[in-house]
Amino acid sequence: EVDEKKKNPLDFALWKAGEEPGVTFDSPWGRGRPGWHIECSAMSTSCLGETLDIHGGARDLIFPHHENEIAQSEAATGKQFVRLWMHTGFLTVNSEKMAKSLGNFITIEDALKKFSPRQIRMFFALAHYRSPIDFSESAIVAAGSSLASLHSAISSACTYSSDALGDGKLSEVANETEKQFIKCMDEDFDTPNAMATLFSLAKRISGACSEASASEKEVKEAAATLEKLLD
């Protein structure tokens, strides 16, 4: 509902009058404190300049917070406020909204007691950052298994030894994988499809190792590419 105290529905507070101890102070407009939106514009521009390269946050901040930041910042400076906005999808836990009131609130510190940092990173990398993502222990375990398959291919290549001459196809696949990986990452940080290129390369490396169908040099170079991109 539109606040009846507003002269216009689009208005928002730059300054909130009040006497609350500890958070209010004197100003030319009386005692009070800055509005939430103006605080962020003030901090951002003072630390990073009048135009930011990247500004992020969850999707629920688009309106009203980020729209208000744009309005007041660009009105004050006359310059574009942000070049690239990156808004994350919502995180749920076992298909329910994460909330302390529901008792399903999980901190990174708690998650690290059960899972490795790499497992958790892989879990998030398998979903696009703009998409909603459901946190569950089974999903983290599955992400860890996916990661293990990549490490397994690299390990197989490290111990691979063969006199096969190879036909150069694995090298071509590795070079193409690197191009496609970078293309995906350049396309709005598309980590799911970027990771898919790595799984495909890992499968080819593992196959070459088991069938001895590629030269030792080819296999080790392809594994080096896989490891570099994964890192």
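**Side note on helix H6 (residues 169–186)**
Link 1 in the chain: Taking 1.5 Å per residue as the helical rise, H6 with its 18 residues ought to reach 26 Å, and the 26 Å between its terminal C-alpha atoms agrees with that figure.
Link 2 in the chain: Buried residues in H6 make contact with helix H7 (191–211) and helix H8 (216–230).

**Things to note about the layout of surface pockets**
Link 1 in the chain: Counted as a void, the largest pocket has a volume near 580 Å³.
Link 2 in the chain: Lining the largest pocket are 25 residues, with Arg121, Met122, Phe124, Ala125 and Thr191 positioned closest to its centre.
Link 3 in the chain: When residues in the lining of the largest pocket are grouped by element, the largest group, 5 residues, is from helix H4 (residues 117–125).
Link 4 in the chain: By residue class, the composition of the lining of the largest pocket is 16 nonpolar, 6 polar and 3 charged.
Link 5 in the chain: Size it by volume and the second largest pocket reaches roughly 310 Å³.
Link 6 in the chain: The wall of the second largest pocket is formed by 15 residues, among which Lys6, Asp11, Phe12, Pro64 and Asn68 lie closest to the centre.
Link 7 in the chain: With 5 residues, helix H2 (residues 62–77) is the largest single contributor of residues to the lining of the second largest pocket.
Link 8 in the chain: When grouped by side-chain class, the residues that make up the lining of the second largest pocket number 8 nonpolar, 3 polar and 4 charged.

**Some thoughts on unusual backbone geometry**
Link 1 in the chain: For the peptide bond that leads from Phe63 to Pro64, omega is 5°, which places it in the cis range.
Link 2 in the chain: Here Asp188, not a glycine, exhibits a phi torsion of approximately 55°, which is positive.
Link 3 in the chain: Examined against the element boundaries, Asp188 turns out to sit in the loop between H6 and H7.
Link 4 in the chain: Assessed through its relative accessible area of 28%, Asp188 is described here as partly exposed.

**Considerations on the nonpolar core**
Link 1 in the chain: With 38 residues, the main nonpolar core has Leu150, Leu198, Ile205, Val219 and Leu226 as its most contacted residues.
Link 2 in the chain: Of all elements in the fold, only H4, strand E7 (133–135), helix H5 (137–158), H6, H7 and H8 reach the threshold of two or more residues within this core.
Link 3 in the chain: It is H7 that provides the largest number of residues to this core, a total of 8 residues.

What counts and how
- Residues numbered from 1 in each chain as written.
- Predicted model: local features only at pLDDT ≥ 70, side-chain atom pairs only at ≥ 80, totals over all residues.
- Heavy atoms only, no water.
- Helix = DSSP H or I, 4+ residues; strand = E, 2+ residues; numbered from the N terminus.
- Expected span 1.5 Å × (residues − 1).
- Contact = heavy atoms within 4.5 Å.
- 1 Å grid on protein atoms, 1.4 Å probe; cavity = no way out; pocket = protein on both sides within 12 Å on 5 of 7 lines; lining within 4 Å.
- Points joined across faces, edges and corners; volume = space filled by probe spheres on them.
- Nonpolar A, V, L, I, M, F, W, Y, C, P; charged D, E, K, R; others polar.
- Buried < 20%, exposed > 50% of the residue type's maximum accessible area, 1.4 Å probe, protein only.
- Core = buried A, V, L, I, M, F, W, Y, C linked by side-chain atoms within 4.5 Å.

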